[in-house]
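Geometric and topological summary
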Amino acid sequence: MILRRLLFVAAVPLLAAWPGWPQSAHPALAYTVSFPHPEAHFLHVTMRAEGLKGELQDFKLPAWSPGYYHILDYAKFIQHFGAEDAAGHALPWERTTKNTWRVVAGNSPVIVLSYDVAATSPFGVQNFVNETRAYLSPAGVYMHPAAILGQPVTATFQLPSGWQRIASGLDPVPGRTNTFTASDYDVLYDCPTLIGNQETIEFAVSGRPHAVVLENVAPAVSRPKMLADLKLMVEAATRLIGDIPYRHYTFLMMGTGNGGIEHLNSASISFNGKSLESPEGYLRWLSYVAHEYFHNFNVKRIRPIALGPFDYDAENLTSMLWVSEGLSVYYQDLLLVRSGLMTRDQYLEKMQGAIAKFENAAGHHYQSATDSSLDTWSTNNAMTGDRNATISYYDNGAMLGAMLDLKIRTLSENRKSLDDVMRALYQRFYQQKKRGFTDAEFRHECEAAAGGDLSEVFDYAATTKDVDYTRYFALAGLTLDIKSEDAPGAWIGLDTQKRGTQLFVVSAAPGSPAESAGLRPGDEITSVVGNVQAIATVLAAGKPGDTLKLKISRGGAAQEVEVALAKNFKRSYRFQLRADASTLQADILKSWLRNESGRP
Ligand SMILES: [Zn+2]
C-alpha cells in the first residue's frame, strides 16, 4: 500500500511540469464541518471535490489514526452518506470495501459528498460532540479520494451559537472565517481539532507561538508557572535537536481519563485536571506532556521507515517502537532534568521504579522489546497487555535508551551521547533523505556516535536475555543495590521466545527449577503451542511444591519434562553514588543528568 503513495508522489511532478497542462488538473478539495444537533452527539460533513476525472470515484476513510497503533474502523461511525453533482442531482454510489464508498460520478466536474459521523467517545483518537464542546479525530472525519493523499485541502467549521474557539495544528486561511488549510492529507489526518470555549494561554520559543488550550485544569494551578515550565521543556528539546520544525504548536489539554496522542505540531493530552494540584501530580503531568511534545521529533520526524508514508487501510508494522516510544519515555524526564524541573534524585528514583516494574513482571521472560513492537496492533499489546506474558516497549525502551546513552558516552570518552544520534537521524533522514530509517541504519548511527560496538544493547532489545543493569549504570558511577523478597505465585526461572506460533526456551536461570528439569536453550515447548499465557497462568496461580508438566521437542525428538515450582520473589532496586567512581564515570553522570536551565 505504500506503493500507492510512491506512485502518486512520482506522478505529480511529471503532471505539474507538463507544458500546457491546465491548472484545474489539481482537484480542489474543501470540507465543511457543522454541528446541527450537538446534543445528539454527531457531526455533519460535506466535502466538495472539484476537478476529479473519471466515471467512478472511490472515497475512503482511514482504518486507524497516526500515533495510535490499533485498527479503529472509523467507517463504522459514518451515517446518512450521500453524493451529488454541482446541480444537486443525486449520484448513485455503493460501498465496495469496509472503508470505501464508490460514487458513479459520470465525469461530473464537481462531486459533493455529505455524511454524518457519530461522535460519542471522549477519547484522543475518537470523535466526540456534546452541547459544550467537540473534539475531532481527523482520520475519522475526512474522507479522501482514493489515491489522492498529496493534495492541499481546506476545512471550514460552522460553530453552534456561543462556541468561539477552534484549536488545532491546522493553518488558518487569511481572510476566511473559521477556515483552515492542510498541505496534504498526512497533515490533515495529524491535526485533531478541539472546539468550544476553552481557555487558551500562549508562550513563544524563538518567535514560534505555542498555544496551550486548557479544558480541565483546576483554577488553583498557576497559569504563569505552567507556561514558564512548558517553555523550559520546549527549549530543552529544541536545543537538543537544534531545530524547530513547525511554525506553530498546540497543546490540547483535555477532559478526564488518561491518554496522550502525539501529532505533527500538536498533541491531544487527556488527564485529570485536579491531579495538577499536588507537586507529584504536577511533575507527572509535565513528564507526560514532555513525552508527547518530544514525539514531534522522535516518531513524527525521526522515524522508522515503516511509519510513513502511512498505509491508512491497514496495520503498519515495525519492530522499532521501543525506539519511537521507549526513547521518548527516556527523553521526557531527561528534558525535565535539563530544564531544572526534576532533580537528579527524582530522575534516578523513577528509573529504579521502572526497572523494578519491568523485572518483577513475568512478561520479560516471554517477549522482547522488538516483538512487543511488532505485536502492538494485536489486542495483547504494549499498553494494555497482560504483563505476565507481554512487556511494555515504553518502560523497556526507556531503560534501553539509558543503556545506549551510557555506553555511547563511555566508548566516546564522554564526547558523544544519544543526543548526537537523535540529531544525526533528524538531519540525515528527516532533513536530507526525507524518509525514515531502517533498523540497521538506526544501529549504525548509534555505533557511529559511540565509535564502537553496541551489540549487547541491541541484543537486549531483540531477546528476553537477562539485563546486566549493574554494569551499565556503573558507567555513570552508580551502584544498583538489588534486594529480593517473597512474592505471590511461583517461579521456575525460564526465559522463552515466540517465533511465529512456536515457543522456544531462550535460557534457564542457573540454579533454577527450569535448569534442574533439564530445559535447555533451543528446546521447543510443544504442549502450549506458542501460548506463553498458559505457563504464566500456572505460575501466577501456583505455589512451591506444585509441578508444571511440559512437552518439548529437542532436535526433533519429543520429551516430557516436569518442572517443580519454586518460591516466587520480588526484587527492589536502589541507585547509590559510587565512592570509587573514576573521573570518566563522574563526568558522565554530571553531563548525563545536567541541569541546563540555570535554575537551582
Ligand atoms: Zn508516546
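What counts, and at which threshold
- Residues numbered from 1 in each chain as written.
- Predicted model: local features only at pLDDT ≥ 70, side-chain atom pairs only at ≥ 80, totals over all residues.
- Heavy atoms only, no water.
- Helix = DSSP H or I, 4+ residues; strand = E, 2+ residues; numbered from the N terminus.
- Rg over C-alpha atoms; globule rule 2.2 N^0.38 Å.
- Buried < 20%, exposed > 50% of the residue type's maximum accessible area, 1.4 Å probe, protein only.
- Contact = heavy atoms within 4.5 Å.
- Areas by Shrake-Rupley, 256 points an atom, 1.4 Å probe, with all protein chains shown as cover.
- Lys, Arg positive; Asp, Glu negative; His and termini not counted.
- Charge placed at Lys NZ, Arg CZ, Asp CG, Glu CD.
- Polar contact = N/O pair within 3.5 Å; in protein donor to acceptor, adjacent residues only side chain to side chain.
- Pairing = 2+ DSSP bridges.
- Salt bridge = Lys/Arg side-chain N within 4 Å of Asp/Glu carboxyl O.
- Donors = N, O, S within 2.8 Å, 3.2 Å for Na, K, Ca; no water.
- pLDDT = per-residue confidence, 0-100.
- Phe/Tyr/Trp six-rings, centres within 6.5 Å; stacked < 30°, edge-to-face > 60°.
- Core = buried A, V, L, I, M, F, W, Y, C linked by side-chain atoms within 4.5 Å.
- Axes fitted to C-alpha atoms, helices over the stretch in contact; angles between N-to-C directions.
- Parallel < 35°, antiparallel > 145°, perpendicular 65-115°, else oblique.
- Left-handed = near helix turned anticlockwise from the far one by under 90°.

A word on the overall build of the protein
Along its length, the protein carries 15 helices and 27 strands. Against the 2.2 N^0.38 benchmark of 25 Å for 600 residues, the protein shows a C-alpha radius of gyration of 27 Å, consistent with a compact globule. Judged by the C-alpha coordinates and their principal axes, the protein covers about 80 × 60 × 50 Å. Looking at the protein as a whole, 55% of its 600 residues qualify as buried. Here the contacts in the protein between residues at least 6 apart in sequence split such that 69% fall between residues at least 24 apart. Per element, the accessible surface of the protein, about 24900 Å² overall, is 54% carbon and sulfur. When the 56 positive and 62 negative side-chain charges of the protein are each reduced to one mean point, those points stand 3 Å apart.

A few points about the side chain of N127
Within the secondary structure, N127 is located in the loop between β7 (110-118) and β8 (128-129). Relative accessible area serves as the criterion here: at 4%, N127 is assigned to the buried category. In terms of polar contacts, N127 uses its side chain to reach the backbone carbonyl oxygen of G140, at 3.4 Å. Setting aside residues no more than four positions away along its own chain, N127 makes contact with L43, V117, A118, A119, T120, S121, Y135, L136, S137, G140 and V141.

Some points on the sheet that holds strand β1 (residues 28-34)
Reading across from one edge, β4-β7-β2-β1-β11-β14-β13 is the order of the 7 strands in this open sheet, with mixed pairing throughout. Only two strands of the sheet have a single partner each, and these edge strands are β4 (78-84) and β13 (171-172). In terms of strand pairing, β13 meets strand β14 (residues 179-182) through 2 bridges, oriented antiparallel. Paired with P172 across the two strands is F180, which belongs to β14.

Describing the pattern of salt bridges
This structure, assessed with the given rule, holds 31 salt bridges. Ionic pairing is found between D58 and R102, a salt bridge with its closest N-O pair at 2.7 Å. Note that D58 is positioned in strand β3 (residues 56-60) and R102 in strand β6 (residues 100-104), a separation of 44 residues in sequence. For R102, a relative accessible area of 27% corresponds to the partly exposed category. Taken together, the shared-partner salt bridges in this structure form one network comprising R239, R338, D419, R594 and E596.

Quick word on the coordination of the zinc ion
H291 (NE2), H295 (NE2) and E325 (OE) make up the full set of protein donors to the zinc ion, lying at 1.9 to 2.1 Å. Ordering the donors of the zinc ion by residue number gives the pattern H-x3-H-x29-E. Here the residue H295 occupies a position in the loop between α4 (279-294) and α5 (321-338), and E325 occupies one in helix α5, the gap between them amounting to 30 residues. On the basis of relative accessibility, which here comes to 2%, the residue E325 falls in the buried class.

Overview of the environment of G522
Looking at the element boundaries, G522 is found in the loop between α13 (513-516) and β24 (524-525). Residue contacts for G522: discarding those within four places in its chain leaves F504 and V505.

Quick look at the confidence of the model for the protein
In the predicted model, the protein carries a mean pLDDT of 91, and 93% of its residues have values of at least 70. Counting contacts from residues 1-24, a segment whose pLDDT is below 50, to residues more than four positions away or on other chains yields 18 contacts.

A look at the packing of aromatic side chains
Going through the model one piece at a time under the given rule, you end up with 42 aromatic pairs. An angle of 70° between the planes, with centres 4.8 Å apart, marks the rings of F81 and W93 as edge-to-face. Placement of the pair is F81 in strand β4 and W93 in strand β5 (residues 93-97), with a sequence separation of 12 residues. You can call F81 buried: its relative accessible area is 11%. Its relative accessible area of 38% is what places W93 among the partly exposed residues. Ring centres of F297 and Y426 lie 6.0 Å apart, and the angle between their planes is 70°; this geometry places the pair in the edge-to-face category. Here Y426 lies in helix α9 (residues 418-433) and F297 lies in the loop between α4 and α5, a separation of 129 residues in the sequence.

What about the sheet that holds strand β9 (residues 134-136)?
Ordered by their spatial adjacency, 4 strands build an open sheet running β8-β9-β15-β12, and the pairing between neighbours is antiparallel. One side of each edge strand has no neighbouring strand; the edge strands of this open sheet are β8 and β12 (165-167). Two elements, β12 and strand β15 (residues 193-196), share 3 bridges in a ladder whose sense is antiparallel. Its bridge partner lying in β15, R165 is registered against G196.

Some remarks on the nonpolar core
By size, the foremost hydrophobic cluster in this structure holds 159 residues, and its most contacted members are F251, W322, F442 and W592. Tallying contributions element by element places α5 first for this core, with 11 residues. Not counting residues within four places of it along the chain, the set of residues in contact with W322 comprises L327, A369, T370, S373, Y393, G397, L400, L404, F442, F458 and A461.

Structural notes on the packing of α5 against helix α6 (residues 344-360)
Following both chains from N to C, one finds α5 and α6 inclined at 165°, their axes separated by 10 Å at the closest point. Taken as axis vectors, α5 and α6 run roughly antiparallel relative to one another. Like other packed secondary-structure pairs, α5 and α6 cross with a definite hand, here right-handed. Counted together, Y330, Q332, D333, L334 and V337 of α5 and Y347, K350 and M351 of α6 form the full contact between these two elements.

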